[in-house]
Each structure stands twice: as structure tokens, then as C-alpha cells.
Amino acid sequence: MNATLHPTAIISPKATLGTGVSVGPFSIIHGDVEIGDGATIDGHCEIGYPTPLAEGRPLVLGRGARIRSHSVFYQGSSFGEGLVTGHRVTVRELTTAGRSFQIGTMADIQGYCEIGHHVRTQSSVTIGQKSRIGNFVWLFPGALLTNDPTPPSDELLGVILEDYVVVGVKATLLPGVRIGRGSFVAAHSLVGTDMVAGSMVSGSPAKRVCDVSVVRMKNDVRAKAYPWAGRFTRGYPDEVVQAWAQGKFDFEF
Amino acid sequence: MNATLHPTAIISPKATLGTGVSVGPFSIIHGDVEIGDGATIDGHCEIGYPTPLAEGRPLVLGRGARIRSHSVFYQGSSFGEGLVTGHRVTVRELTTAGRSFQIGTMADIQGYCEIGHHVRTQSSVTIGQKSRIGNFVWLFPGALLTNDPTPPSDELLGVILEDYVVVGVKATLLPGVRIGRGSFVAAHSLVGTDMVAGSMVSGSPAKRVCDVSVVRMKNDVRAKAYPWAGRFTRGYPDEVVQAWAQGKFDFEF
Amino acid sequence: MNATLHPTAIISPKATLGTGVSVGPFSIIHGDVEIGDGATIDGHCEIGYPTPLAEGRPLVLGRGARIRSHSVFYQGSSFGEGLVTGHRVTVRELTTAGRSFQIGTMADIQGYCEIGHHVRTQSSVTIGQKSRIGNFVWLFPGALLTNDPTPPSDELLGVILEDYVVVGVKATLLPGVRIGRGSFVAAHSLVGTDMVAGSMVSGSPAKRVCDVSVVRMKNDVRAKAYPWAGRFTRGYPDEVVQAWAQGKFDFEF
């Protein structure tokens, strides 16, 4: 593997770097950092940003992480293998995520979150403190998970997204809302109430419009659009895609 | 004080730095800049970005400023002591702010604004040109203050936020709107008309729903949520907190 | 011309730089890049970010480009002369734009787009893949062009904005929508249907409210606000402004 630590990068001797790790120009790697084998950190990043809020815990990036330029990760969070980010993401302290987490450009993950496996966000997503996100969840550009019912306060209630939920562009989820498995929250919705599994959710304030199974593909009205797993498979591991093809949607990770 | 000017930082000899100022790796400090004692500038920042629109005025950062990474401040603006920013904030020319201004990650402050004391924004806030913001105002993620009633034009009308106003997530305030003291603009609202003091504002288009004093805490329906000052005190100076406890909400700064 | 290649900049010997090109501190210029005469690249940028999706095509920045700090341009896109950007813009692969494209701070242009001449975006705009934008179009802060009718999918339908369209702050355009020439989409709208030329569009879901010619200036109710071309002329070339004054709004570029 063509590993490179660019000579302009500033890498703490206390950082733990696996084999084949690359660090790009002008990046900063602080001391309380553990980076897995084969990870690539682009230029202009700051990894392991120190904070007393991390309670002395390190930042852990699993094997094969791919961090794009100008990103900032705080000390004290932990990510499974296969993390991929866009540019200029911010991830604060004491968040944990499973494998193959994909974070879009300029996403802002505010810390103290629990995130499952194979979660994908697109650009400019904001995930407030104490959010709890299941497996195979999608967040599209500008989606926002809030947490403070009476701002400003310290009584934060995180949003809960169950497995396979899809949150559309610029949708806002109000504090403490739970969105049931496989639901689809439409673009620009403002969601203030819990939604049962399989809900198609839309509006401001948002309501359950119908079951997601009613939604059809734009180019083929006979084809169901949801559940999306199995219909859309790009980038998921073979064993996941094969399980979906057999109607199996729960996994032991 | 453990002040450091990192050897990779590029600091103009014309810049004025107080005692104990720290500048992080790969940051750029231009010449027309005055930084107060004890300020900390993280890495990857550009401070005092030159512009002819600044009319030759310097950038002034008061004592104890804390500028996080990848931020850009233009020449010609001025901030009181205790400025704190998140990452990647942008502040343009000819804006003035009082003491203890807190600017969230990726906030965009577009210049020609007047901002009071103890104002706090969270992430991805946009403050348009000519906004006028009082003391103790809060802006939550994605809040937007506009200014152009007939875009594109040069006839900009700034938004006015009076003291203690709270603007919720993704709320949009239309040009020239004045929000009265202590009002709370709910998440995702679109506000096109002035609001009297103490209004609970919600909807698209937004209306005055009730007096803010009607709103209760989520976890205790007997406890009023607003006015928030005194109920929430984290990070404010002792003299402010004590005054609030005595029912005093106006200050001479 | 006072050209400078800052000694800390990392410039590939394979990059093609015109005369008088400036590159600021800590910027990275990759190999598959062609930069026109007189261009200025600020500090902390990454220009020509490599990607196999670019199909081997270079990044082309026309004469006189002005790229502000912390911006990222991918390999494989092409821009006419006079490109101007704010800070931290992201432009992905295989997008083409005409002359005098202005991109606001933190705008996110996701690739595979066709963009005309004299298009201007303000900050935090998101332009989804496959968008097609005409000449003299405006996008105001937070405007979003989507593309996926049944997310997640690979069946992307880009938004079409015809010449002289104005998209207001935080407006969301749903996949495949076509907005007719000279229409004005009001702030915070959610547009799911095509709009004929000259529409004033507002609401969520958005409707055609009236013809744009009905809209008046805020400070003079006798003055029509739209069409805006000719009323607002700042920064356009003399020949364009003169043509507008003579009632000519179509150009051969």
C-alpha cells in the first residue's frame, strides 16, 4: 500500500496510526487518536481536536476510513470500519457509529449520538446531540435532527430514527420524535409527532400520509419504491445485498 | 500564559497582537488586524481578509477571543471581548458586535450588521447584511435573516431582533421584519410581519400564536419556559445571572 | 501583474497555469488542471481534486477566475472566464458553466450540471446532480435543487431553471421540475410542479400566485420589480446592460 505521511502534516507522536495510513498536506493529527489500517486522511483536516468534554477518551477511526479535506473530528468519538466523509465535516465528542458510516460534505454531527451501521448522510445535514440512529438510515441534504424543546435549555431530547428510515431534503425533526422503521419523511417536512413503522410522512406540520408501500417509482407506476432496501443496493456489502434479495432485513453486526 | 505563534502560521508584521495570543498551524493573519490579550486562533484560519469595502478600517478582536479552525474574518469588523466561534465561520466587513458573542460552526455573517452583547448563534446560521440584533439573542441551527424584498436589488432592509429574542431552527425572517423583545420564533417558521414583544410565533406564513408566557417546559407543565433568562444561565457572567435572579433584565454594558 | 505562487502552496508540475496566476498559502493544485491567465486562487484551497469519475478530463478554470479560501474543485469540470467564488465552495466533477459564474460561500455544486452564463448564487446553495441552469439565473441563500424522486435511487431527474429565474432563500425545488423564464420562486417555497414563464411562485406546496409583473418595489409601489434585468445591473458587462436598456434580453455568448 502506498502510504504517505505528507511532510507538511503535523502528527503527534502520541497518535496511533495503523499500517498503510495516509495523511495529506497541512493536516493536524492530535495525540488522543487511533487510526485503523489503510485509512486515508486528506489535506487541511484536524483529527482528534482536544476537548475536556471527551473525558479523556480517544478518537477512534476504524480500518479503511476515508476522510475528505477540511474535516474536523473531535477527541472522544468512535467509528467502525469503512467510515467515509465528504469535505468539511464536523464531528464532536462522544459520538459512536458503526461500520460504513458515510457523512456528506459540510455535515455537522454535534456529539453524544449513537449511530448504527451503514448509515448514510448527504451534504449539510445537522445531527443534534443525543440523536439515536439505527442501521441503514439515510439523511438527505439539509436534513436536521433537533433536540431542545424549549430553547435555550439543557433538557435535550434526541430524535430516534429506526432502521431503514429515509429523511428527505431539508426535513426538520423536532425534539424527541421517534420515526418508525422504514418510514420516509418527505422533503421540507416539519415532524413533531412520532410516526409508526412504514409511514410516508409529509407536510408542515407533518402527518402520516399513507403507508410507504403505496409510493411508486417515478418511471414505472407498477414498481413499489419502498421499502427501498433491495431495490437500491449500490455500495452495500455482498452479504447484505444477498440477504435483502432473500427477504432478510435484520442483521447481527 | 502558554502563548504560541505556530511556526507555520503566516503573521503580518503589521498585525497588532496582544500578550498571550496563540495562533495555530497554517493560519494567516493579515496586517489590518488588532487581536486582544489572551486570544486563541486555531489552525487553518484567515484573519483580516483584505477588502476595499472595509474602508481602511482594521479587524478588531477583543480580549480572550477563541476562534476555531478554518474560520475567515474580513478586515473592518469589530468584536468585544470574549468572542467565541465554532469552525469555519465567515464574518464579512463592517459588522460590530458586543462582548461574549458566540458564533456557531459554519455560521455566515454577511457584514454591515450591528450585534449586541451576549448574542449566541448555533451552527449554519445566516445573518444577512444590515441585520440589527439586540442583547441576549439566540439563533438556532439554520436560522436565516434575509434583507432583500425584491431580489436581486440593492434596497436592503435588515431584520431587527430585539433583546432576548429566540429564533428556532431553520426559521426564516423576511426583509425588514422586527421581532419584539423576548419573542420565540418556532422551528421552520417563515416570518413576514412584525411581532410584538413576548410573541410565540409559528407557521409559514408565521402568526402570533400566543404569548410566550403560555409555553411550558416539556418535563414540567407547571413551569413556564419563557422568558428564558434566569431559567437558563449557563455561561453568562455572575453579575448577569444575579441580576436576572432579582428580576432585572436591562443592563448598561 | 503581480503574480505570486506562495512558497507553501503545493503545485503539481503537470498543472497548466496561465500568465499572472496567483496561488495563496497552503493551497494544493493537482495535475489535471488548466488555469487561465490572471486567475487568483486564495489560500487553503484544493484545486483539481482527483476522481476516477472525471473520466480523465481536466478541471478548466477560465481567465480571471477568483477562488476564495478553503474551496475544493474536482477534476473534470469546466468554467468560462470570470468565475468568482466565496469561501469553502465545493464543485464536483463533470459540471460545465459559462462565463462570470458567481458561487456563494459554502455553496455545494454536486456535479454533472449544465450552467449558463452570468449565473449567480449566494451562500449555502445546493445544486444537485444533473441540474440544468440557463443564463442570468439567481439562487439566494439556502436554495436547493434536488434530483431524486424516490430516495435513495439512481434515477435522478435534474431541475431545470430557464433564463432569468430567481430562486429565493431556502426554496426547495423537487426533482425534474422546470421553472419557466423569468419566474420568481419566493422564500421557503417547496416547488413540486412545473411553472410557466413569468410566474410568481410561493408556498409549500408552491403554487403560481400571479404573474411576476404584478410584484412592485417595496419603496415605490408604482415601480415593477420584475423582470429584474435592467432594473438591477450591478456587475454585468456594459454590452449586457445596454442591451437590457434597449429591451433586448437574449444573447449569443
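Residues numbered from 1 in each chain as written. Chains lettered and ligands numbered in written order. Predicted model: local features only at pLDDT ≥ 70, side-chain atom pairs only at ≥ 80, totals over all residues. Heavy atoms only, no water.

Enquirer: Tell me about the overall build of chain A, residues and numbers included.
Expert: Looking only at helices and strands, one finds one helix and 32 strands in chain A. Compactness check: chain A gives a C-alpha radius of gyration of 19 Å against a globular reference of 18 Å for 253 residues, within 12% of the reference. Counting only C-alpha atoms and orienting by the principal axes, one finds that chain A spans roughly 55 × 45 × 30 Å. Per-residue burial for chain A yields a buried fraction of 58% across its 253 residues. Put simply, of all contacts in chain A between residues at least 6 apart along the chain, 23% involve residues at least 24 apart. Accessible surface, chain A as shown: approximately 9,500 Å² in total, 50% of it carbon and sulfur. (Helix = DSSP H or I, 4+ residues; strand = E, 2+ residues; numbered from the N terminus. Rg over C-alpha atoms; globule rule 2.2 N^0.38 Å. Buried < 20%, exposed > 50% of the residue type's maximum accessible area, 1.4 Å probe, protein only. Contact = heavy atoms within 4.5 Å. Areas by Shrake-Rupley, 256 points an atom, 1.4 Å probe, with all protein chains shown as cover.)

Enquirer: Break down empty space enclosed by the protein for me, citing the residues and quoting the values.
Expert: On inspection of all chains with the given rule, the structure shows two cavities of 30 Å³ or more. There is about 380 Å³ of room inside the largest cavity. What lines the largest cavity is a set of 25 residues, and nearest its centre among them are Ser124 and Lys170 of chain A, Ser124 and Lys170 of chain B together with Ser124 of chain C. Looking at the lining of the largest cavity, its residues break down into twelve nonpolar, nine polar and four charged. Each pocket or cavity is described by its volume, and for the second largest cavity that value is around 40 Å³. (1 Å grid on protein atoms, 1.4 Å probe; cavity = no way out; pocket = protein on both sides within 12 Å on 5 of 7 lines; lining within 4 Å. Points joined across faces, edges and corners; volume = space filled by probe spheres on them. Nonpolar A, V, L, I, M, F, W, Y, C, P; charged D, E, K, R; others polar.)

Enquirer: Give me helix α1 (residues 238-245) of chain C: which residues, what numbers.
Expert: Residues and elements named next belong to chain C. Residues Val240, Ala243 and Trp244 constitute the buried set of α1. Angular distribution of buried residues about the axis of α1 spans 100 degrees; they occupy a single face of the element. Residues of α1 that are exposed and point more than 90 degrees away from the buried face comprise Asp238, Glu239 and Ala245. Just past α1, the residue Gly247 takes up positive phi, approximately 80 degrees. (Arc of directions from axis to C-beta.)

Enquirer: With reference to specific residues and values, describe the relation of the copies chain A and chain B.
Expert: When chain A is fitted onto chain B, the two copies agree to an RMSD of 0.0 Å after a turn of 120 degrees and an axial shift of 0.0 Å. Read as a symmetry element, the transformation amounts to a three-fold axis. (Least-squares fit on C-alpha atoms with pLDDT ≥ 70 in both.)

Enquirer: An account of the interface of chain A and chain C is needed here, citing residue identities and associated values.
Expert: Across the boundary between the two partners, chain A contributes 33 residues, which contact 37 residues of chain C. Where chain A packs against chain C, one counts one salt bridge. Among the salt bridges present, the one from Arg234 of chain A reaches Asp154 of chain C, with a minimum N-O distance of 2.6 Å. Linking chain A to chain C there are 19 residue pairs in polar contact (both at pLDDT 80 or more). Residues belonging to the side of chain A that touches chain C are distributed by class as follows: 15 nonpolar, nine polar and nine charged. (Salt bridge = Lys/Arg side-chain N within 4 Å of Asp/Glu carboxyl O. Polar contact = N/O pair within 3.5 Å; in protein donor to acceptor, adjacent residues only side chain to side chain.)

Enquirer: An account of the sheet that holds strand β1 (residues 10-11) of chain C is needed here, citing residue identities and associated values.
Expert: One open sheet holds the ten strands; their spatial order is β1-β4-β7-β10-β13-β16-β19-β22-β25-β28 (chain C), and the pairing between them is parallel. With partners counted over all chains shown, the strands left at the sheet margins are β1 and β28 (190-191) of chain C, one partner each. (Pairing = 2+ DSSP bridges.)

Enquirer: Tell me what's going on with the interface of chain A and chain B, and back it up with residues and numbers.
Expert: A common way to state how big an interface is: give the accessible area lost once the parts meet. Between chain A and chain B, the contact holds 37 residues from the first and 33 residues from the second. Inspection of the chain A/chain B interface yields one salt bridge. At the junction of chain A and chain B, the tally comes to 20 residue pairs in polar contact (both at pLDDT 80 or more). If you list the elements that add at least two residues to the side of chain A that touches chain B, you get β7 (46-49) and β10 (72-74) of chain A. Its residues assigned to classes, the side of chain A that touches chain B shows 16 nonpolar, 15 polar and six charged.

Enquirer: Could you give an account of the packing of aromatic side chains, with specific residues and numbers?
Expert: Considering all chains together, one arrives at 60 aromatic pairs over all chains under this definition. When the ring of Phe26 of chain B is compared with that of Phe26 of chain C, the centres are 5.4 Å apart and the planes differ by 70 degrees; the resulting orientation is edge-to-face. One end of the pair, Phe26 of chain B, is in the loop between β3 (22-23) and β4 (28-29); the other, Phe26 of chain C, is in the loop between β3 (22-23) and β4 (28-29), on a second chain. Each member of the pair Phe26 of chain B and Phe26 of chain C is classed as buried. Three or more aromatic residues link up through ring pairs in this structure, and these residues are Phe136, Trp138, Phe140, Tyr164, Trp228, Phe232, Tyr236, Trp244, Phe249, Phe251 and Phe253 of chain A. Above the ring of Tyr74 of chain A, the side-chain terminus of Arg92 of chain A is found at 4.5 Å from the ring centroid. (Phe/Tyr/Trp six-rings, centres within 6.5 Å; stacked < 30°, edge-to-face > 60°. Lys NZ or Arg CZ within 6 Å of the ring centre and 35° of its normal.)

Enquirer: Let's hear about the pairing of strand β7 (residues 46-49) of chain B: which residues, and what values?
Expert: All names here are of chain B. Pairing of β4 with β7 involves two bridges; the strand directions are parallel. In the sheet register, Ile28 faces β7, and the bridge partner there is Glu46. Direction of pairing for β7 relative to strand β10 (residues 72-74): parallel, over a ladder of three bridges. The residue bridging Ile47 from the neighbouring strand is Phe73, located in β10.

Enquirer: Describe in detail the pattern of salt bridges, supporting the description with residues and values.
Expert: All names here are of chain A. This model, assessed by the stated rule, comprises 24 salt bridges over all chains. A salt bridge links Arg181 to Asp163, with the nearest nitrogen and oxygen atoms 3.6 Å apart. Here Arg181, found in the loop between β26 (178-179) and β27 (184-185), pairs with Asp163, found in the loop between β23 (160-161) and β24 (166-167); they are 18 residues apart in sequence, far enough to count as distant.

Enquirer: Lay out the sheet that holds strand β2 (residues 16-17) of chain A in plain terms, naming residues and giving numbers.
Expert: Residue and element names in this part refer to chain A. The strand order across the open sheet formed by nine strands is β2-β5-β8-β11-β14-β17-β20-β23-β26, and the pairing between neighbours is parallel. This sheet does not close on itself; its edge strands, each paired only once, are β2 and β26. Note: strand β8 (residues 59-61) against strand β11 (residues 78-79), two bridges, orientation parallel. Following the sheet pairing, Val60 is matched in β11 by Ser78.

Enquirer: Could you give me a rundown of the state of the cysteines, with the residues and numbers involved?
Expert: This structure, assessed with the given rule, holds zero disulfides over all chains. In this model Cys45 of chain C remains outside any disulfide bridge; the closest cysteine sulfur is found in Cys45 of chain B, 15 Å from its own. The exposure class of Cys45 of chain C is buried, given its relative accessible area of 0%. (Disulfide = S-S within 2.5 Å.)

Enquirer: Kindly report on unusual backbone geometry, identifying the contributing residues and their values.
Expert: The general pattern is negative phi for most residues beyond glycine and trans for most peptide bonds. A cis geometry characterises the amide bond from Ser204 of chain A onward to Pro205 of chain A, with omega recorded as 5 degrees. Assignment of secondary structure puts Pro205 of chain A in the loop between β29 (199-203) and β30 (206-211). For the bond running from Tyr226 of chain C to Pro227 of chain C, omega is 0 degrees, close enough to zero to count as cis. In this structure, Pro227 of chain C sits in the loop between β32 (220-224) and α1. In this structure, His188 of chain A takes a positive phi of about 70 degrees despite not being glycine. Mapping His188 of chain A onto the fold places it in the loop between β27 and β28 (190-191). In this model, His70 of chain B sits at a positive phi of 65 degrees, which is unusual for a non-glycine residue. Relative to the assigned elements, His70 of chain B resides in the loop between β9 (66-67) and β10.

Enquirer: How would you sum up the side chain of Arg120 of chain A? Please name residues and give values.
Expert: Residue and element names in this part refer to chain A. Relative to the helices and strands, Arg120 resides in strand β18 (residues 120-121). A polar atom in the side chain of Arg120 sits 3.5 Å from the backbone oxygen of Gly235. For Arg120, the contacting residues outside a window of four places in its chain are Gln102, Val137, Trp138, Leu139, Phe232, Arg234, Gly235 and Tyr236.

Enquirer: An account of the environment of Thr40 of chain C is needed here, citing residue identities and associated values.
Expert: All names here are of chain C. Positionally, Thr40 belongs in strand β6 (residues 40-41). Relative accessible area serves as the criterion here: at 25%, Thr40 is assigned to the partly exposed category. Between the C-alpha atom of Thr40 and that of Val215, which follows or precedes it by 175 residues, the distance is 39 Å. Beyond its immediate chain neighbours, meaning those up to four positions away, Thr40 contacts Ser22, Ala65, Arg66 and Ile67.

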